[in-house]
Amino acid sequence: MSCLIWVKGCRNLFLQDSKIDLLDRKEDVKKKLKKAFCEPGNVENNGVLSFIKHVLFPLKSEFVVLREEKWGGNKTYTEYEALEKDFADQVVHPGDLKNSVEVALNKLLDPIREKFNSPELKKLTSAAYPNAAKASKELLGARGMQDWNSEPENVDPSRLDIRVGKVISVEKHPDADSLYVEKIDVGEPEPRTVVSGLVQFVPREQLQDRLVVLLCNLKPQKMRGVESQGMVLCASSIGEPRQVEPLDPPAGCCAGERVYVEGYEDGEPDAELKPKKKVFEKLQADFRISEDCVAQWKQKNFLTKLGSISCKSLKGGSIS
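Report follows, based on the coordinates. (Residues numbered from 1 in each chain as written. Predicted model: local features only at pLDDT ≥ 70, side-chain atom pairs only at ≥ 80, totals over all residues. Heavy atoms only, no water.)

1. Looking at the pairing of strand 8 (residues 211-215)
Link 1 in the chain: In terms of burial, strand 8 is largely enclosed, as four of its five residues are buried.
Link 2 in the chain: Here strand 5 (residues 162-173) pairs with strand 8 via five bridges, running antiparallel. Paired with valine 164 across the bridge in strand 8 is valine 213.
Link 3 in the chain: Judged from the two bridges that link them, strand 8 and strand 11 (residues 231-232) form a sheet pairing that is antiparallel. Following the sheet pairing, leucine 215 is matched in strand 11 by methionine 231. (Buried < 20%, exposed > 50% of the residue type's maximum accessible area, 1.4 Å probe, protein only. Helix = DSSP H or I, 4+ residues; strand = E, 2+ residues; numbered from the N terminus. Pairing = 2+ DSSP bridges.)

Here it is in structure tokens:
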């Protein structure tokens, strides 16, 4: 059957995992959407948002973002622009967006799956789609398949370039009420421009001149027209009302000091994290705030040479 959507971030358009077909099973749809490129706040080259805009909205004239009540509950959008704005402002999380597309897409595909469940059409489908792995091998050649089947790369926290930063200036984003545009000194010749969704959680005067913890090797991305060159790492509470606190370096730290995870201080950070590899996302899944309000990865502390990274009060929270 004809392809419905190409999932951005796949190695080769001829491989079976690179697209969603009309006859894909629900578990296949979930697997392929999980791989889709969908960075928080990035609306520029976002295949999931494009699919909603060009397929789901024209068909249904609305789109429902499905969320647990503790994250605000379900929200129905009747205009695509409103959804894009909320995603850019990080009101809508990529995980919720993908889950909602999965539900909407399966509703479209279910009648087609049922129709093609007859023996005659199953036979026709098998004839139209011969063994995909064999076809992929012929197309890629031996060298390509060797690369594809290689062992997964090592993902450990030493690959993250995390530094202490000092906030030099804080301004409201000209086109997004929930975003700040900050200039942050991280020990480089020029301060970095960083866009953060902290307006609802941290007063501007509390950010000015404070030390923060900055992830520095994300690929720069535009957020509502302003390029962001890093991410201010913050602790977040679990449940409602949501609370957010920027992580605190130890007293006495200087801008540019390296932040590392205990036991991983000797590794070399990547020059730039490739979005398709999802290195940060894989590591972030194990970021937590301890009962002593210390930032941790797999129960190992985030450190500088002067001590542990912490937050003020959000024990048991997540880090993003």
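2. Description of the pattern of salt bridges
Link 1 in the chain: Using the criterion set out here, one finds 15 salt bridges in the structure.
Link 2 in the chain: Here glutamate 27 makes a salt bridge to arginine 25, at a shortest N to O gap of 3.3 Å.
Link 3 in the chain: For glutamate 27, a relative accessible area of 46% corresponds to the partly exposed category.
Link 4 in the chain: When its relative accessible area of 47% is taken as the criterion, arginine 25 is described as partly exposed.
Link 5 in the chain: Between arginine 25 and aspartate 28 there is a salt bridge, with its nearest N and O atoms 3.0 Å apart.
Link 6 in the chain: Each of Asp161, Arg163, Glu188 and Arg192 takes part in a single network of salt bridges with overlapping partners. (Salt bridge = Lys/Arg side-chain N within 4 Å of Asp/Glu carboxyl O.)

3. Some thoughts on the packing of aromatic side chains
In this description, a pair of aromatic rings is defined by centroid distance and the angle of the planes.
Link 1 in the chain: In this structure the tally under the stated criterion is four aromatic pairs.
Link 2 in the chain: Aromatic pair phenylalanine 57 and tyrosine 80: ring centres 6.2 Å apart, planes at 85 degrees, arrangement edge-to-face. Residue phenylalanine 57 is found in helix 2 (residues 47-60), and its partner tyrosine 80 is found in helix 3 (residues 80-88); the two are separated by 23 residues along the sequence.
Link 3 in the chain: On the accessibility criterion, phenylalanine 57 (9% relative accessible area) is buried. (Phe/Tyr/Trp six-rings, centres within 6.5 Å; stacked < 30°, edge-to-face > 60°.)

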